[in-house]
Amino acid sequence: MADEKEDLNQAKDLLKQLEGQASSGNHLGVLQTISKSPPNCKDAELQKKIAIPVVTALSKLKRTNMDSCLKQMDEKGRETILQYVFYGFQTMPKSSTEFLNWHQAIVKQDGIGAIVRVATNIKRNILVSADSTTV
């Protein structure tokens, strides 16, 4: 119980940090922050709030900056970004081209295995909508 409360508090702090970076136009900072410390709370609404600045950053960061951004992350960080890419397809379909570019860049670096690992992630704490889960 204490761990869940701590995870919730950390996720709220993360949201504040991401919103601050997004409001100052630091899209690269948003992606670096989320890749290093993704939220681990089970609050679906908070997960969605955290996703907003991340998905926005993914849609706004220029394609020329994608590779250098991804090279600064480890494999686990890129998989976290890929989860947000998939979420972006659902929530911002008008930015599908940008999300496809991210998808392509991540698969280019990590291979198809990244897709499989993200699709079969058992924890599913990141971006599980309340509508799509029965757990």
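None of the values given here were measured: they were computed from a predicted structure. (Residues numbered from 1 in each chain as written. Predicted model: local features only at pLDDT ≥ 70, side-chain atom pairs only at ≥ 80, totals over all residues. Heavy atoms only, no water.)

## Quick word on the overall build of the protein chain
Reasoning step 1: Assigned secondary structure in the protein chain consists of seven helices and zero strands.
Reasoning step 2: Reading the protein chain from its N end, one meets helices and strands in the order α-α-α-α-α-α-α.
Reasoning step 3: With 135 residues in all, the protein chain has 42% of them scored as buried.
Reasoning step 4: Across the protein chain, contacts joining residues at least 24 apart in sequence account for 76% of those joining residues at least 6 apart.
Reasoning step 5: By element, 52% of the accessible surface of the protein chain is carried by carbon and sulfur atoms, the whole surface being about 7900 Å². (Helix = DSSP H or I, 4+ residues; strand = E, 2+ residues; numbered from the N terminus. Buried < 20%, exposed > 50% of the residue type's maximum accessible area, 1.4 Å probe, protein only. Contact = heavy atoms within 4.5 Å. Areas by Shrake-Rupley, 256 points an atom, 1.4 Å probe, with all protein chains shown as cover.)

## Looking at helix α4 (residues 63-71)
Reasoning step 1: Listed in full, the buried residues belonging to α4 are Met 66, Cys 69 and Leu 70. Relative to the axis of α4, the buried residues are bounded by an arc of 90° and lie together on one face. Exposed and facing more than 90 degrees away from the buried side of α4 are Thr 64 and Lys 71.
Reasoning step 2: The elements touched by buried residues of α4 are α2 (27-36), α5 (75-91) and α6 (96-110). (Arc of directions from axis to C-beta.)

## Looking at the confidence of the model for the protein chain
Reasoning step 1: Chain-level statistics for the protein chain give a pLDDT mean of 88 and a share of 88% at 70 or above.
Reasoning step 2: Per-residue pLDDT stays below 50 along residues 129-135; that stretch engages in four contacts with residues further than four places along the chain or on separate chains. (pLDDT = per-residue confidence, 0-100.)

## Comments concerning the packing of aromatic side chains
Working definition: an aromatic ring pair is given by the centre-to-centre distance plus the angle between the planes.
Reasoning step 1: Scanning the model with the defined rule gives one aromatic pair in all.
Reasoning step 2: Seen in terms of ring centroids, Phe 89 and Phe 99 are 5.8 Å apart; in terms of plane orientation they differ by 70°. Their pairing is edge-to-face. Taken together, the residues span a long stretch of sequence, with Phe 89 in helix α5 and Phe 99 in helix α6 at a distance of 10 residues.
Reasoning step 3: Residue classification places Phe 99 among the buried positions, given a relative accessible area of 0%. (Phe/Tyr/Trp six-rings, centres within 6.5 Å; stacked < 30°, edge-to-face > 60°.)

## Quick notes on the packing of α2 against α5
Reasoning step 1: Running from amino to carboxyl end, α2 crosses α5 at an angle of 115°, the nearest separation of the two axes being 8 Å. One element, α2, and the other, α5, form an angle in the roughly perpendicular class. When the axes of α2 and α5 are compared, the crossing they make is right-handed. On the side of α2, the interface is formed by Leu 31, Ile 34 and Ser 35, while α5 contributes Gly 77, Thr 80, Ile 81 and Tyr 84.
Reasoning step 2: Among the residues making up the contact of α2 with α5, the classes are represented as four nonpolar, three polar and no charged. (Axes fitted to C-alpha atoms, helices over the stretch in contact; angles between N-to-C directions. Parallel < 35°, antiparallel > 145°, perpendicular 65-115°, else oblique. Left-handed = near helix turned anticlockwise from the far one by under 90°. Nonpolar A, V, L, I, M, F, W, Y, C, P; charged D, E, K, R; others polar.)

## With respect to the pattern of salt bridges
Reasoning step 1: All told, the structure shown has four salt bridges when counted by the stated rule.
Reasoning step 2: The salt bridge involving Glu 45 is made with Lys 48; its shortest N-O contact spans 3.9 Å. Here the residue Glu 45 and the residue Lys 48 both occupy positions in helix α3 (residues 44-60), the gap between them amounting to three residues, near one helical turn.
Reasoning step 3: By relative accessible area, Glu 45 is classed as partly exposed at 47%. (Salt bridge = Lys/Arg side-chain N within 4 Å of Asp/Glu carboxyl O.)

## Considerations on the side chain of His 103
Reasoning step 1: Assignment of secondary structure puts His 103 in helix α6.
Reasoning step 2: His 103 gets classed as buried once you look at its relative accessible area, which sits at 19%.

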